[in-house]
Amino acid sequence: MALAAGARVQARALLRPWSRVPSAAPGRTPAAGGGGPGARCFGSPRVLVEPDPAAGVAVMKLRKPPVNSLSLELLTELVISLEKLENDKSFQGVIITSDSPGIFSAGLDLMEMCGRDPAHYAEYWKAMQELWLRLYLSHLVLICAVNGVSPAGGCLLALSCDYRILADNPKYTIGLNETQLGIVAPFWFADTLVNTIGHRAAERALQLGLLFPPAEALQVGIVDQVVPEDQVQSTARSVMAQWLAVPDHARQLTKNLMRKATADRLLKQRDADIQNFVSFISRDSIQKSLHVYIEKLQKKKG
């Protein structure tokens, strides 16, 4: 499952070598990350990794302000960050969260899907597929600490993890709301939601493009726990400890048993899925809808 060539070259330029975060004192991780003694932050322009090798856990933070939109660069850097941790036997678990409280991820970057050529759309969608497959099938325990709004692709990131914790703030909604933008959630987005909340609830949520506030998200099962905002990270670490207490080999085999069929469905038709995405997103009507929506967003910012 190789990344698109352009994204790979771009990633190498961004991440050669993996850099320790300049703001961190030598040999130390900033206190906010919760890293263990002697741990050093590392990462890339849009992803910060705060490791705690003693605990076998790393915190991976999205840091693409203002809304952590999933650009081609961010998708690529997330895959490389996760791959690096997977290849390091010091780590058994990763907590995924945002470096910008209030926003977990606004989802797909609309600028990647508007006014570009078909080759770019194909490269972008292949990178999106790659991230989902990497998250969904990761042998690591992935806990998602959702500390802000999480629509569409942001919700998919959370759903792909093993456990989801959402901050108890009524503004922090989560869901696959693609239909509200005039687009359709791909089958593997839908499959991931169905596996999480069941077919009927997923069908309703997908057709209506629902965004659930915390209490409703917990009730329907999109998230596993809702906690006060200042307890999201500490709760994630407590939950991680519970998961890591299980014999890892048995847990990994069980995860693969439960998820392989869903992942295989995309793996068997990746090229067709890319072609469908390119064909759909290239339609004049879709481009017009995206352009109008982007203009609205820009006016709000202004």
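Nothing here was measured: the structure is a model prediction, and the numbers come from that model.

Met 60, Leu 85, Met 128, Ile 143 and Leu 193 are the most contacted members of the largest nonpolar core, which totals 88 residues. Top element by residues in this core is helix H3 (residues 118–136). It accounts for 10 residues.

Each pair of packed helices can be summarised by the angle the axes make with each other and by the distance between the axes. It is the contact of helix H2 (residues 72–86) with H3, at a shortest axis distance of 9 Å, that shows an interaxial angle of 30°. Taken together, the axis directions place H2 and H3 in an arrangement best described as roughly parallel. As H2 runs across H3, the sense of the crossing is left-handed. Seen from H2, the contacting residues are Leu 72, Leu 75, Leu 78, Val 79, Leu 82, Glu 83 and Glu 86; seen from H3, they are His 120, Glu 123, Tyr 124, Ala 127, Met 128, Glu 130, Leu 131, Arg 134 and Leu 135. Among the residues forming the contact of H2 with H3, the class breakdown is 10 nonpolar, one polar and five charged.

Applying the stated criterion across every chain, the model contains seven aromatic pairs. Summarising the aromatic geometry, the rings of Trp 132 and Tyr 136 are spaced 4.9 Å apart at their centres and angled 20° between planes, so their arrangement reads as stacked. Taken as a pair, Trp 132 and Tyr 136 lie in helix H3 at a separation of four residues, close to a single helical turn. Summarising the aromatic geometry, the rings of Trp 188 and Phe 189 are spaced 4.8 Å apart at their centres and angled 65° between planes, so their arrangement reads as edge-to-face. Judged by its relative accessible area of 0%, Trp 188 is buried. Judged by relative accessible area, which is 1%, Phe 189 ranks as buried. Over the face of the ring belonging to Phe 42 we find Lys 84, whose NZ or CZ atom lies 5.3 Å from the ring centre. Lying across the ring of Tyr 136, Arg 259 places its NZ or CZ 4.4 Å from the centre.

Basis of the calculations
- Residues numbered from 1 in each chain as written.
- Predicted model: local features only at pLDDT ≥ 70, side-chain atom pairs only at ≥ 80, totals over all residues.
- Heavy atoms only, no water.
- Core = buried A, V, L, I, M, F, W, Y, C linked by side-chain atoms within 4.5 Å.
- Buried < 20%, exposed > 50% of the residue type's maximum accessible area, 1.4 Å probe, protein only.
- Helix = DSSP H or I, 4+ residues; strand = E, 2+ residues; numbered from the N terminus.
- Axes fitted to C-alpha atoms, helices over the stretch in contact; angles between N-to-C directions.
- Parallel < 35°, antiparallel > 145°, perpendicular 65-115°, else oblique.
- Left-handed = near helix turned anticlockwise from the far one by under 90°.
- Contact = heavy atoms within 4.5 Å.
- Nonpolar A, V, L, I, M, F, W, Y, C, P; charged D, E, K, R; others polar.
- Phe/Tyr/Trp six-rings, centres within 6.5 Å; stacked < 30°, edge-to-face > 60°.
- Lys NZ or Arg CZ within 6 Å of the ring centre and 35° of its normal.

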